[in-house]
Amino acid sequence: MNAPKITINGPVDTRNVTTSKGLPKAIYSQKATLETELMRVQIDVEVDGPNSGYPVGAVKEWDLVADLVPGRFGPELARRMTLVDPQHNRAKAAA
């Protein structure tokens with residue numbers, strides 16, 4: 001099975017949202033491209049902070065199995081994406 005490929009396209013951006021309690025909260029994300037055999041879409045990849053983003057141009061794979069969580073009507077995807085090094089790089093490191 002082929003995992004979706006994520007390519008980081010930009011630096012970490014910050015946007016502010018208001019929580020349900022009316023307090024401001026900063027959300028950090030990077031623009032990226034998600035690509036599979038059948039589609040290519042632009043997405044935002046959330047990161048922990050302004051200095052914890054991925055390098056621009058980095059290519060990762062999305063570990064979908066790690067992000068499956070039980071939902072109200074069956075399996076759902078977690079809000080945060082688990083990104084790992086591409087499969088061929090992991091195979092070389094293990095050898």
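What you see is a predicted model; the values in this text were computed from it and never measured. (Residues numbered from 1 in each chain as written. Predicted model: local features only at pLDDT ≥ 70, side-chain atom pairs only at ≥ 80, totals over all residues. Heavy atoms only, no water.)

Peer 1: Lay out the pairing of strand β2 (residues 24-35) in plain terms, naming residues and giving numbers.
Peer 2: In the sheet, strand β1 (residues 5-18) pairs with β2 via 11 bridges, with the strands oriented antiparallel. Note that in β2 the partner of threonine 18 across the bridge is proline 24. Connecting β1 to the antiparallel partner β2 that follows it, the hairpin turn spans five residues, and glycine 22 within it adopts a positive phi of roughly 85°. Summarising the sheet, β2 and strand β3 (residues 40-47) pair through eight bridges and their orientation is antiparallel. If you follow lysine 31 over to β3, its bridge partner there is aspartate 44. Here β2 folds back onto β3 in antiparallel fashion, the turn holding four residues. (Pairing = 2+ DSSP bridges. Helix = DSSP H or I, 4+ residues; strand = E, 2+ residues; numbered from the N terminus.)

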